[in-house]
Amino acid sequence: DAGVIQSPRHEVTEMGQEVTLRCKPISGHDYLFWYRQTMMRGLELLIYFNNNVPIDDSGMPEDRFSAKMPNASFSTLKIQPSEPRDSAVYFCASSLAGGTSSYEQYFGPGTRLTVT
Amino acid sequence: RKEVEQDPGPFNVPEGATVAFNCTYSNSASQSFFWYRQDCRKEPKLLMSVYSSGNEDGRFTAQLNRASQYISLLIRDSKLSDSATYLCAVKDFTTSGTYKYIFGTGTRLKVLA
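Numbering of residues starts from 1 in each chain and follows the order in which that chain's sequence is written. A letter from A marks each chain and a number from 1 marks each ligand, given out in the order of writing. Where local features are concerned, this predicted model is filtered to residues with pLDDT of at least 70; where side-chain atom pairs are given and counted, the filter is 80 or more; whole-chain, interface and lining totals use all residues. No hydrogens and no water enter the side-chain calculation; it runs on all heavy atoms of the structure.

Considering empty space enclosed by the protein
All names here are of chain B.
- Detection works on a 1 Å grid of protein atoms alone, calling trapped sets that fit a 1.4 Å probe cavities and calling open sets with protein on both sides within 12 Å along at least five of seven lines pockets, with lining residues defined by an atom within 4 Å of a point. Grid points are joined across faces, edges and corners, and a volume is the space filled by probe spheres set on the points. Taken as a whole, this structure holds 1 cavity of 30 Å³ or more when the rule is applied.
- By volume, the largest cavity amounts to about 30 Å³.
- As for the largest cavity, its lining consists of E3, V4, Y25, S26, N27, S30, V90, D92 and I102.
- Residues of the lining of the largest cavity, tallied by class, amount to 4 nonpolar, 3 polar and 2 charged. Basically, the charged four are Asp, Glu, Lys and Arg, the nonpolar ten are Ala, Val, Leu, Ile, Met, Phe, Trp, Tyr, Cys and Pro, and anything else, Gly included, counts as polar.

As structure tokens, then:
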């Protein structure tokens with residue numbers, strides 16, 4: 001299995017521009033999570049999907065952030081307009097449901113976003 | 001209080017030393033627990049799950065204390081290659097019938113030659 005795939009791996013953009021991050025989860029996984037990681041705040045959960053349906057977006061910083069999952073194999077995180085404080089590493093992760101099982105998450109390699 | 005808390009470190013230890021990290025969680029109903037390892041500029045990768053009875057994987061031992069709501073990771077005979085950030089994660093079930101993971105901010109370990 002190729003694991004979780006994210007693109008682009010690096011993105012440098014100017015303030016005010018739209019940024020779209022992409023994620024392909026592991027085939028068969030029914031949960032998809034978007035995280036943001038910074039030195040100051042650590043790994044923050046932004047939003048997660050179950051069977052392509054957004055479940056909890058309470059971690060999305062503000063209306064400039066939006067996420068979609070049109071099908072089981074693709075998700076996007078969009079920032080419009082971008083601001084310098086959005087600079088961070090954005091990770092996508094996927095996992096299987098499993099009741100009380102200890103199924104773990106698998107992370108993609110991340111997208112390192114720099115907004116100047 | 002944060003949902004999952006860790007001492008950020010860094011823990012600087014000599015090769016061969018034993019080092020232990022703790023992680024506290026606030027939700028007494030949390031179901032599953034994990035330790036992840038994250039190398040610099042890489043994604044977190046699962047190190048081990050934490051079982052109620054405690055579990056060991058080579059030089060690594062994980063334990064869960066539900067009464068005090070913490071998990072621990074013990075590394076014996078530490079190697080230079082153990083230098084990384086160690087993140088604890090808690091799997092919580094939600095009122096919507098789904099689940100999510102909450103991560104600590106990580107504990108940074110440096111093993112010195």
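Following the structure, the description resumes.
Brief notes about the pairing of strand 4 (residues 31-38) of chain A
All names here are of chain A.
- With 7 of its 8 residues buried, strand 4 lies for the most part within the structure.
- By definition, two strands form a pair when at least two bridges between them are found by DSSP. Put simply, DSSP marks the helices as runs of H or I at least four residues long and the strands as runs of E at least two long, and each gets a number from the N terminus on. Inspection of the sheet shows strand 4 paired to strand 5 (residues 42-50) by 8 bridges, in the antiparallel sense. What sits directly across from L32, in strand 5, is F49.
- Hairpin connection of strand 4 to strand 5: 3 residues between the antiparallel strands.
- Judged from the 7 bridges that link them, strand 4 and strand 9 (residues 88-95) form a sheet pairing that is antiparallel. Residue pairing across strands places Y31 opposite S95, the latter belonging to strand 9. Burial classes: relative accessible area under 20% of the type maximum marks a residue as buried, over 50% as exposed, and values in between as partly exposed (1.4 Å probe, protein chains only).

So, the sheet that holds strand 1 (residues 4-6) of chain B
Residues and elements named next belong to chain B.
- The antiparallel open sheet is built from 5 strands, whose spatial order is 1-3-8-7-6. Either end of the sheet is taken by a strand with one partner, and the two such strands are strand 1 and strand 6 (55-57). Going from strand to strand, the sheet's axes swing by 20° on average, the running direction of each strand aside. With axes taken as lines fitted to C-alpha atoms, and helix axes fitted only over the stretch in contact, angles between N-to-C directions fall between 0 and 180 degrees.

Overview of the sheet that holds strand 3 (residues 19-24) of chain A
Residues and elements named next belong to chain A.
- Spatial ordering of the open sheet is given by 1-3-8-7, a layout of 4 strands whose pairing is antiparallel. Two strands close off the open sheet at either side, each with one partner strand: strand 1 (5-7) and strand 7 (65-71). Looking at each pair of strands side by side, their axes are set apart by 15° on average, direction ignored.

A closer look at the pairing of strand 7 (residues 60-65) of chain B
Residues and elements named next belong to chain B.
- As judged from the 3 bridges shared by strand 6 and strand 7, these two strands associate in the antiparallel manner. In the sheet register, N55 faces strand 7, and the bridge partner there is A62.
- Linking strand 6 back to strand 7 in an antiparallel pair, the connection comprises 2 residues, with G58 at a positive phi of about 65°.
- Where strand 7 and strand 8 (residues 70-75) come together, 6 bridges link them in antiparallel fashion. Across the sheet, the residue bridging to T61 is L74, located in strand 8.
- Linkage of strand 7 to strand 8, two consecutive antiparallel strands, is achieved through a turn of 4 residues, within which Q69 is found at a positive phi near 55°.

Observations concerning unusual backbone geometry
- At the junction of A:S7 and A:P8, the peptide bond is cis and its omega measures out at -10° in the coordinates.
- Its place among the elements puts A:P8 in the loop between strand 1 and strand 2 (10-13).
- Omega for the bond connecting B:G9 with B:P10 falls within 30 degrees of zero, at 10°, which places this linkage in the cis form.
- Mapping B:P10 onto the fold places it in the loop between strand 1 and strand 2 (11-14).
- Of note in this structure, B:D77 is not a glycine but carries a positive phi near 50°.
- With respect to the helices, strands and loops of the structure, B:D77 is situated in the loop between strand 8 and strand 9 (84-93).

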